[in-house]
Amino acid sequence: MADLRFDGRVVIVTGAGAGIGRTYALLFASRGAKVVVNDLGGGRHGDGSSSKAADNVVDEIRRTGGIAVPNYNSVTDGEQLVKSALDNFGRIDILVNNAGILRDKSFAKLSDQDWDLVHQVHLKGSFKTTQAAFPHMKKQGFGRIIMTASNSGLYGNFGQANYSAAKLALVGLAKTIAIEGAKSNVFCNVIVPTAASRLTEDILPPDIFNELKPEFIAPVVAYLCHESCPENGSMIEAAAGWAGKCTIVRSNGALLRSSMNDGVTIEKVKENWGKITDMTDAKSLRAIEEATGALIESLDAIRDPENQEAQANDELFEF
Ligand code: NAI
């Protein structure tokens, strides 16, 4: 297969001064993209700032003949990042929202500040940066946006209530942006990475840590951002040289009333708990319309003529 190139494309990678973001910036630049290397250069917990992190990566790219500029703003000043792309390169095609911090505490000890700072960087930062880039992408009829979630968001993780909440929120944000951008060829997907970095050095066991190179994730993100990739609104997990799609599934469930006149009781819920939670034939729904369709099907089943007493159509929606 011919190399997948990004010539002519302008890419912003947030938090690209270290860790996974650095490998994204290097890969995009090596394939012809002009890259805005954004990094606030602060500490792991969101403290301090320095231009060094972004500068180092820009130097690294330039040394190998690539094109890049640094940007030192916080992602919460998203319009400054996009301005940087427009001022230096005249357009913005691809945005990888990657910047992140951790303020891990057990839930009982979590302070407002721990909550707010983590939400500011991950959720507000992705919102602000994406909202600044989105109109340019829509206008030019091309855009690729990545949000960065985490298995902590999908499954929870001890000591990461603030981080989990912000990370799963990004999935909802991405799915709605994917819907709103689709007709303008602006796609938004979520990466769920696991990689060795300063964020995970004391979380992952050392033998696993050494095998989790961020370089194994960057090609997955780069492909998601390529014009030939049709994926939109998806969550892709990648780590250690493996990638797969994640989705939310629901069970077939159980009907808790047998006619329109029937009520739902706590006892019926208990009786049916096995069926409600049986994931054997679980389905992944692709869109909110499918969820509404499934709801109407349940109502139709309850309305079955055998059990039905005359019901006005509009009453159905009181369910
Ligand atoms: P890292 O700490 O090595 O890199 C994050 C970079 O973001 C740092 O260089 C930091 O200076 C920058 N940054 C922090 N706040 C910023 C702000 N307000 N504005 C601009 N830049 C800022 O972390 P790593 O591991 O590379 O993480 C990258 C992303 O992947 C994060 O969103 C993280 O939550 C996510 N992630 C990482 C996992 C892993 O296994 N490393 C697992 C799941 C998610």
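Residues numbered from 1 in each chain as written. Predicted model: local features only at pLDDT ≥ 70, side-chain atom pairs only at ≥ 80, totals over all residues. Heavy atoms only, no water.

### A look at the site of the ligand
Around the ligand, 30 residues are found, and the nearest of them are Asp39, Asn98, Tyr163, Ala195 and Ser197. Backbone polar atom of Ile20 to an oxygen atom of the ligand: 2.8 Å apart, as the coordinates give it. Taking Asp39, its side chain carries an N or O atom lying 2.5 Å from an oxygen atom of the ligand. Relative to its free-state accessible area of 830 Å², the ligand is covered by the protein chains to the extent of 97%. Of all the secondary structure elements, the ones that give two or more residues to the shell around the ligand are helix 1 (19-30), helix 4 (112-140) and helix 6 (161-181). Grouping the constituent residues of the shell around the ligand by class yields twelve nonpolar, 15 polar and three charged. (Near = heavy atom within 4 Å. Polar contact = N/O pair within 3.5 Å; in protein donor to acceptor, adjacent residues only side chain to side chain. Areas by Shrake-Rupley, 256 points an atom, 1.4 Å probe, with all protein chains shown as cover. Helix = DSSP H or I, 4+ residues; strand = E, 2+ residues; numbered from the N terminus. Nonpolar A, V, L, I, M, F, W, Y, C, P; charged D, E, K, R; others polar.)

### What about the pattern of salt bridges?
In this structure the tally under the stated criterion is 13 salt bridges. Close ionic contact of Asp93 with Arg9 constitutes a salt bridge, the shortest N to O distance being 3.4 Å. Here the residue Asp93 occupies a position in the loop between helix 3 (78-89) and strand 4 (94-96), and Arg9 occupies one in the segment before strand 1 (10-13), the gap between them amounting to 84 residues. Both residues of the pair, Asp93 and Arg9, count as buried. (Salt bridge = Lys/Arg side-chain N within 4 Å of Asp/Glu carboxyl O. Buried < 20%, exposed > 50% of the residue type's maximum accessible area, 1.4 Å probe, protein only.)

### Quick notes on the packing of aromatic side chains
Taken as a whole, this structure holds one aromatic pair when the rule is applied. Arranged with centres 5.1 Å apart and planes meeting at 85 degrees, the rings of Phe6 and Phe28 form a pair that is edge-to-face. Of this pair, Phe6 sits in the segment before strand 1 while Phe28 sits in helix 1, placing them 22 residues apart in sequence. Take Phe6 and Phe28: they sit in the same class, and that class is buried. (Phe/Tyr/Trp six-rings, centres within 6.5 Å; stacked < 30°, edge-to-face > 60°.)

### Focus: the confidence of the model for the protein
Averaged over every residue, the pLDDT of the protein is 94; the share at 70 or more is 95%. Across residues 307-319, confidence stays below pLDDT 50; counting only partners more than four residues off in sequence or on other chains, it has 15 contacts. Interface predicted TM-score (ipTM) for the complex: 0.99; the corresponding pTM is 0.94. (pLDDT = per-residue confidence, 0-100. Contact = heavy atoms within 4.5 Å.)

### Digging into the sheet that holds strand 2 (residues 34-38)
Strand pairing in a sheet relies on backbone hydrogen bonds, with the paired strands running either antiparallel or parallel. Ordered by their spatial adjacency, eight strands build an open sheet running 3-2-1-4-5-6-7-8, and the pairing between neighbours is mixed. Single-partner strands in this sheet number two, and they are strand 3 (67-71) and strand 8 (242-246). Ignoring strand direction, the axes of neighbouring strands in this sheet form an average angle of 20 degrees. Pairing between strand 6 (residues 186-193) and strand 7 (residues 235-239): four bridges, direction parallel. Along strand 7, the bridge assignment pairs Val192 with Glu237. Relative to the sheet, helix 1 contacts strand 1, strand 2, strand 4 and strand 6, its axis offset from that of strand 1 by approximately 170 degrees. Along the sheet, helix 6 contacts strand 5 (143-148), strand 6 and strand 7; its crossing angle with strand 6, the most-contacted strand, is approximately 160 degrees. (Pairing = 2+ DSSP bridges. Axes fitted to C-alpha atoms, helices over the stretch in contact; angles between N-to-C directions.)

### Digging into the nonpolar core
Ile12, Ile92, Met137, Ile145, Met147, Cys188 and Val190 are the most contacted members of the largest nonpolar core, which totals 37 residues. Looking at this core, the elements that each hand over two or more residues are strand 1, helix 3, helix 4, strand 5, helix 6 and strand 6. If you tally residues by element for this core, the top one is helix 6, at seven residues. Not counting residues up to four positions away in its chain, the partners in contact with Val190 are Met147, Ala149, Leu170, Val171, Ala174, Ser234, Met235 and Ile236. Counting 33 residues, the second largest nonpolar core, distinct from the first, contains Val13, Tyr24, Ile146 and Ile236. (Core = buried A, V, L, I, M, F, W, Y, C linked by side-chain atoms within 4.5 Å.)

### Digging into the environment of Lys167
Looking at the secondary structure, you find Lys167 in helix 6. Each C-alpha atom of the pair Lys167 and His122 lies 7.1 Å from the other, and the pair is 45 residues apart in sequence. If we skip the residues at most four places from it in the chain, Lys167 touches His122, Thr148, Ala149, Ser150 and Gly153. Within the local environment of Lys167, its side chain forms a polar contact with the backbone oxygen of Thr148, the two atoms lying 2.7 Å apart.

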